[in-house]
Number of protein chains: 4
Amino acid sequence: MPDLSTIVAEIAATMRAETARGTVADYIPELRRVSPDRFGIAVVTRDGEEIVGGDADEPFSIQSISKVFTLTLALGRVGDGLWKRVGREPSGDPFNSIVQLEHERGIPRNPFINAGAIAVTDVLLSGNRPREALGEILRFIRFVAEDEAIAIDEAVARSERETGFLNASLANYMRAFGVVQGQVEHVLGVYFHHCAIAMSCRHLARAGRYLAFNGRIPSLEAGIITPDRARRINALMLTCGHYDGSGDFAFSVGLPGKSGVGGGVLAVAPGTVSIAVWSPGLDAKGNSLLGRIALERLARAMQWSVFG
Amino acid sequence: MPDLSTIVAEIAATMRAETARGTVADYIPELRRVSPDRFGIAVVTRDGEEIVGGDADEPFSIQSISKVFTLTLALGRVGDGLWKRVGREPSGDPFNSIVQLEHERGIPRNPFINAGAIAVTDVLLSGNRPREALGEILRFIRFVAEDEAIAIDEAVARSERETGFLNASLANYMRAFGVVQGQVEHVLGVYFHHCAIAMSCRHLARAGRYLAFNGRIPSLEAGIITPDRARRINALMLTCGHYDGSGDFAFSVGLPGKSGVGGGVLAVAPGTVSIAVWSPGLDAKGNSLLGRIALERLARAMQWSVFG
Amino acid sequence: MPDLSTIVAEIAATMRAETARGTVADYIPELRRVSPDRFGIAVVTRDGEEIVGGDADEPFSIQSISKVFTLTLALGRVGDGLWKRVGREPSGDPFNSIVQLEHERGIPRNPFINAGAIAVTDVLLSGNRPREALGEILRFIRFVAEDEAIAIDEAVARSERETGFLNASLANYMRAFGVVQGQVEHVLGVYFHHCAIAMSCRHLARAGRYLAFNGRIPSLEAGIITPDRARRINALMLTCGHYDGSGDFAFSVGLPGKSGVGGGVLAVAPGTVSIAVWSPGLDAKGNSLLGRIALERLARAMQWSVFG
Amino acid sequence: MPDLSTIVAEIAATMRAETARGTVADYIPELRRVSPDRFGIAVVTRDGEEIVGGDADEPFSIQSISKVFTLTLALGRVGDGLWKRVGREPSGDPFNSIVQLEHERGIPRNPFINAGAIAVTDVLLSGNRPREALGEILRFIRFVAEDEAIAIDEAVARSERETGFLNASLANYMRAFGVVQGQVEHVLGVYFHHCAIAMSCRHLARAGRYLAFNGRIPSLEAGIITPDRARRINALMLTCGHYDGSGDFAFSVGLPGKSGVGGGVLAVAPGTVSIAVWSPGLDAKGNSLLGRIALERLARAMQWSVFG
């Protein structure tokens, strides 16, 4: 088995030098301001060792990766009742498609497309004020990431709100079918804000430990969720975590993972490590281009694929 | 860790007694004749041990499970060139949907929906006569299953041909876009015949060993495909192996697997075992109802999920 | 040629006695309160004669029929530039479908489905405050109907607003593509209010005269629009005026017409008459059931079909 | 009212000189061989006068215009029972779309898209051999066109058959749902052959007389169909006769009409004239580009629009 530190360093160096870096997301104006040259990677092992490379300590907008944490919280609150409102199947459509909602009477296909994550946010909002729901999300992320400084980038949140008409369309559509039950404005407010949370690779990799290690954070001796639930969230990340590129990510990387349009990817090798990579340039399906390539190399070199 | 033999025996007994058994496929008339009471299970370990339960030695129509073997052969023939003609993404549609083909100019989403498997069959037919292509498929399956008696059920093949208008529609559609290149009649003939291959759980589990064990059959000391290719086929089985129920199978079972409307499922726990189960009754999405339940219990009891 | 007064009286009597009356729209709570027993009809000839039957002077919610008037005003304001934002083809989808918008980048298929009418409303709002835009619509309708008392039913407008999530979804979707350019809240406000205008059959038939008579109201000696524009609006009513039942309406009635979920239908026999009927019960596609039957009998008896 | 002969002559001259002529259909290889310079027009009045211009006596492939005649025959055979198998609504999709068939369980939206015309052909074939069905179609067309020399262009029929995979896909799809009931090969054979009938504008305009004149051919004193049926076929031509450009044709021309990819259009001004135009270059939706422009000018100059 090769040495993890060496490999991480090599990957960071190679990715830094790569010229084909994809395209930085431009549909949220604030995200456009990030330099495409950035690349970060962090790997956390069972015993808490952190191997990092590149810009691993620079915070970036986690965007859709936040959907993993809101899903965890919503399952904690309503358990399997969640699956009455959200499906568990890959969508075969882009992340912001509304076609599927019309065909399936307002039930989003899975919790990781935008519509599904908005429905999950609605669950977290139930009985709470927006500020409380957001507080709960932030507290959870700060705890599992072991960093009290993690915060929302208000400029990004505002930018999303001002341009988030497709998400408003999805939310209203689900509201028409009772899948979203709260006030649409509140649900979107919370959704835009949790997508605008900024984290570094190091903190994100830490935050993924409970998924890598059977629902527990070994070094904290903290049980976050049951092993069963961790397993299932991992399954959802593998089948649905990269929008309409999920099949390809499973095919080439072979790890459960969740990407965000900020260029981050959280991935786990169950029982072994939690990993975060970041490179702002995206491929045609909205997933980090170098992020996927870095993870493919890492998983192959370390033989971490869940598929043998 | 519990004892595998005990668990397999318990599962076989419980499944035998189960009253809610799903619905036997009726769109292929010959398949209707199978008794819904059947249940079989077989597990093959790395060192070749075979643990079986129920009707594990009764042959059944493997139907779409044959798509795993034809994919293996087509990749052997044209390598990654295959992916110009067939995608690698879950479809979000029923197994026989044609909508996706129209939206994506005749390229099927993956090799495990009907359209994709027909395109894969076309690759195997290229330069061959139908009889030769079928012979190649049968020889491969007999070899990896270690049973020279495995054969095509001609009554089923005929029945499929006589009622296979949706598949004829798919094949003609792809022919219009040059994705299928051979004569439609020939391609369908080979496709209907390989779907009509009959195998027992024992032989099917044996046939899956090369996917479970990095492309090799350890007890035969035979290398079938590269470890990389085995890993990738497993990834495709996990994301696409159960049609529009693939997400749910990953969520509840957590193993790469491929189902057929004959009620069989082939699944692998990479590095550990190859498994086949059979129960003819299907759920609403066309997958074996008790097959999934049995695999879920087995994977949970043995902690075989790839997701931790 | 039979006598028009006799036929209108006969139709009113028959429709009054009919027992199969369709289903009163229930998705807007206020509309539910209307009795399904109502039936009204009014026919206005070129020389201004008004032949009425049943509840011809009872106001009802014109709903989507208002789209004819807002289209007329929007064409007056931006001319053929309107067709950059709205198509002119039948949709093949229900009135509130959003699937088509996704497939055609936010451009609604025609001005008579909800999405198209919302885009048309946005045009009327451009540079105006909502109150001004509404005032312009009301003034136009009062003028062509020759009744200054025509007003908005505020209870209906409020009811639409509170339950109009699908329309909010459509408006936000189009806003994302720049097809709607004003504030979504304002556009929806004006849209819900003009749909809530209440008119009687007599006034509605009067209001349709400019479409029946080459853009002019003969008895007022008033030119409203050019003959060409009247012809084209009639063409749009014929191909798109009854949502996904437009083909059937053309087939059975043979007149340009526009229906509303309040149970009204405005139809014209070009050069001959303007007609309004009202019966609150709807068929499966959301068009007045007895309205269509009454118009079919009338057009057949008087040989008014535009198709020979 | 301007003089019809003068106008037809002017239109023929202008269209002959036009440089933007659209694109000759190339998906049927034989059709590619026609020169885009051709333009023909023929108008037949109630008293049998024939006003022609350009290449009015040169035969061309009528293609989908044949669907008007097969619909007439199928209605003669099974009456309104036809509407159990074929809808009467515009499709909102291209002429060869299969998406709609999947969404509506194999029932084509109308008799003028390919799927619908194939289903109509199946009705004509019921109880007949292909040769007999074709004979019936030819005899009917020769009778209404008053030309016994009208024939099938076998090279075109063969060319369609060899490249008609999308149509084979549609036919097989409908066969799966029992909408097509005969042998798919036979149905397609008859379909491809009736689409390959060659006619001149003069003969085509004659053939449309029964639709223009209440089901009768006045100069022959022959009743072909009831006035009611003529009216309804005209309604279908207006709402569905130009595929996904039907709304636009109604909007700009205002006459019931049916186009074919050979570049022909048959149109009728009910009670007044039957018209045929021909120009091989097509617009983006597959309808004759100059054909539509010529009809728009003619209808406007003569004030023939059915919409006032």
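Conventions used here
- Residues numbered from 1 in each chain as written.
- Chains lettered and ligands numbered in written order.
- Predicted model: local features only at pLDDT ≥ 70, side-chain atom pairs only at ≥ 80, totals over all residues.
- Helix = DSSP H or I, 4+ residues; strand = E, 2+ residues; numbered from the N terminus.
- Rg over C-alpha atoms; globule rule 2.2 N^0.38 Å.
- Contact = placed C-beta atoms within 7 Å.
- Least-squares fit on C-alpha atoms with pLDDT ≥ 70 in both.
- Buried ≥ 20, exposed ≤ 12 C-beta atoms within 10 Å, placed from the backbone.
- Pairing = 2+ DSSP bridges.
- Axes fitted to C-alpha atoms, helices over the stretch in contact; angles between N-to-C directions.
- Nonpolar A, V, L, I, M, F, W, Y, C, P; charged D, E, K, R; others polar.
- Arc of directions from axis to C-beta.
- Parallel < 35°, antiparallel > 145°, perpendicular 65-115°, else oblique.
- Domains from an automatic or database assignment.
- Expected span 1.5 Å × (residues − 1).
- Left-handed = near helix turned anticlockwise from the far one by under 90°.

1. Description of the overall build of chain A
Piece 1. Tallying secondary structure elements over chain A gives 13 helices and twelve strands in all.
Piece 2. Compactness check: chain A gives a C-alpha radius of gyration of 18 Å against a globular reference of 19 Å for 308 residues, within 12% of the reference.
Piece 3. In terms of overall dimensions, chain A has C-alpha extents of about 55 × 40 × 35 Å along its principal axes.
Piece 4. Taking the intrachain contacts of chain A between residues at least 6 apart in sequence as the baseline, contacts between residues at least 24 apart amount to 69%.

2. Here's the deal with the relation of the copies chain C and chain A
Piece 1. Of the two same-sequence chains, chain C is brought onto chain A (RMSD 0.0 Å, axial shift 0.0 Å) by a rotation of 180°. Taken together, the rotation angle and the small translation identify this as a two-fold axis. By C-alpha distance to the rotation axis, the residue of chain C lying nearest is C:S169, at 1.9 Å.
Piece 2. Take the interface residues of chain C: 100% of them recur as interface residues in chain A, which is what a same-surface contact looks like.

3. Side note on the pairing of strand β10 (residues 264-269) of chain B
Residue and element names in this part refer to chain B.
Piece 1. The buried fraction of β10 amounts to six of the six residues, a majority that puts the element mostly inside the structure.
Piece 2. Bridge count for strand β9 (residues 257-259) against β10 is three bridges, and the pairing is antiparallel. Note that in β10 the partner of G257 across the bridge is A267.
Piece 3. Bridge count for β10 against strand β11 (residues 273-278) is six bridges, and the pairing is antiparallel. Bridge assignment links A267 to a residue of β11, and that residue is I275.
Piece 4. The antiparallel hairpin formed by β10 and β11 contains three residues in its connecting segment, where G271 sits at a positive phi of about 85°.

4. What about the sheet that holds strand β9 (residues 257-259) of chain C?
Residue and element names in this part refer to chain C.
Piece 1. Spatial strand order, β3-β2-β11-β10-β9: five strands in an open sheet with antiparallel pairing. Two strands lie at the open edges of the sheet, namely β3 (50-54) and β9, each paired on one side alone. With direction set aside, neighbouring strand axes in the sheet form an average angle of 10°.

5. Some remarks on the interface of chain C and chain A
Piece 1. With twelve residues of chain C at the interface, the matching set in chain A holds twelve residues.
Piece 2. Among the elements of the structure, α3 (99-103) and α7 (165-176) of chain C are those that each provide at least two residues to the side of chain C that touches chain A.
Piece 3. If one sorts the elements of the side of chain C that touches chain A by residue count, α7(C) sits on top with eight residues.
Piece 4. Split by residue class, the side of chain C that touches chain A holds seven nonpolar, three polar and two charged.

6. Details of the interface of chain B and chain A
Piece 1. At the junction of the two partners, chain B supplies 34 residues and chain A supplies 34 residues.
Piece 2. Secondary-structure elements contributing two or more residues to the side of chain B that touches chain A are α11 (227-240) and α12 (246-252) of chain B.
Piece 3. Take the side of chain B that touches chain A: its biggest share by element is ten residues, from α11(B).
Piece 4. Looking at side-chain class alone, the side of chain B that touches chain A contains 13 nonpolar, 13 polar and eight charged residues.

7. Notes on unusual backbone geometry
All names here are of chain A.
Piece 1. Even without a glycine there, the phi angle at Q63 is positive, about 50°.
Piece 2. Relative to the elements of secondary structure, Q63 occurs in the loop between β4 (60-61) and α2 (66-78).
Piece 3. Owing to 24 C-beta atoms within 10 Å, Q63 belongs among the buried residues under this scheme.

8. A word on the sheet that holds strand β5 (residues 151-152) of chain D
Residues and elements named next belong to chain D.
Piece 1. The strand order across the open sheet formed by three strands is β4-β6-β5, and the pairing between neighbours is antiparallel. Of all strands in the sheet, those bounded by a partner on one side alone are β4 (60-61) and β5.
Piece 2. In this structure, β4 lies alongside strand β6 (residues 197-199), joined through two bridges in antiparallel fashion. For S61, the partnering residue across the bridge sits in β6 and is A198.

9. Topic: helix α6 (residues 154-163) of chain A
All names here are of chain A.
Piece 1. Within the sequence span of α6, burial applies to V156, A157, S159 and E160. What you see down the axis of α6 is that its buried residues fit within an arc of 165°, all on one side. Summarising the geometry of α6, the exposed residues directed more than 90 degrees from the buried face are E154 and E162.

10. Considering the packing of helix α4 (residues 114-125) of chain B against helix α8 (residues 184-195) of chain B
All names here are of chain B.
Piece 1. Two numbers describe how α4 lies on α8: the axes approach to 9 Å, and their chain directions differ by 105°. In terms of axis orientation, α4 runs roughly perpendicular to α8. In this structure, α4 uses A117, I118, T121, D122 and L125 to contact α8, whose residues at the interface are H186, V187, V190 and Y191.
Piece 2. Looking at the contact of α4 with α8 residue by residue, the class counts come to six nonpolar, two polar and one charged.

11. Here we look at the domain arrangement of chain A
Residue and element names in this part refer to chain A.
Piece 1. The domain boundaries assigned to chain A delineate domain 1 (4-60 + 200-218 + 226-302) and domain 2 (64-195).
Piece 2. Placing the centre of domain 1 and that of domain 2 at their C-alpha centroids yields a distance of 21 Å.
Piece 3. At the interface, 29 residues of domain 1 touch 28 residues of domain 2.
Piece 4. Of all the secondary structure elements, the ones that give two or more residues to the side of domain 1 that touches domain 2 are α9 (201-207), α10 (209-212), α11 (227-240), β9 (257-259) and β10 (264-269).
Piece 5. Looking at which element gives the most residues to the side of domain 1 that touches domain 2, the answer is α11, with six residues.
Piece 6. For the side of domain 1 that touches domain 2, a count of residues per class yields 15 nonpolar, eight polar and six charged.

12. Observations regarding the environment of C:A149
Piece 1. In this structure, C:A149 sits in the loop between α5 (130-145) and β5 (151-152).
Piece 2. Residues C:A149 and C:A198, 49 residues apart in the sequence, show an inter-C-alpha distance of 9.9 Å.

13. Let's talk about the arrangement of the chains
Piece 1. Nowhere do chain B and chain C come into contact; their C-alpha atoms are at least 10 Å apart.
Piece 2. When C-alpha atoms are compared, chain A and chain D, though not in contact, are closest at a spacing of 10 Å.

14. Points about the environment of B:F112
Residue and element names in this part refer to chain B.
Piece 1. Checked against the element boundaries, F112 lands in the loop between α3 (99-103) and α4.
Piece 2. Sequence spacing of F112 and C240 is 128 residues, and the spatial spacing of their C-alpha atoms is 6.4 Å.
Piece 3. Leaving out residues up to four positions away in the same chain, F112 has contacts with S64, K67, A117, L236, C240, G241 and K258.

15. What to know about the pairing of strand β3 (residues 50-54) of chain D
Residues and elements named next belong to chain D.
Piece 1. The element β3 is largely enclosed, with a buried count of four among its five residues.
Piece 2. Two strands pair when backbone bridges link them, and strand β2 (residues 40-45) and β3 are joined in this way by five bridges, in the antiparallel orientation. Paired with I41 across the two strands is G53, which belongs to β3.
Piece 3. Between the antiparallel neighbours β2 and β3 lie four residues, among them G48 with a positive phi of about 90°.

16. Focus on α11(B)
All names here are of chain B.
Piece 1. Across its 14 residues, α11 extends 20 Å between first and last C-alpha, which sits within 8% of the 20 Å expected from 1.5 Å per residue.
Piece 2. With twelve of its 14 residues buried, α11 lies for the most part within the structure.
Piece 3. Among the residues of α11, R229, A230, R231, R232, I233, N234, A235, L236, M237, L238, T239 and C240 are the ones counted as buried.

17. Some points on the packing of helix α7 (residues 165-176) of chain A against α7(C)
Piece 1. Contact geometry for α7(A) and α7(C): axes closest at 7 Å, N-to-C directions at 165°. The orientation of α7(A) relative to α7(C) falls into the category roughly antiparallel. Of the two possible hands of crossing, α7(A) and α7(C) adopt the one that is left-handed. Contacts from A:F165, A:L166, A:A168, A:S169, A:N172, A:Y173, A:R175 and A:A176 in α7(A) reach C:F165, C:L166, C:A168, C:S169, C:N172, C:Y173, C:R175 and C:A176 in α7(C).
Piece 2. For the contact of α7(A) with α7(C), the class distribution of residues is ten nonpolar, four polar and two charged.

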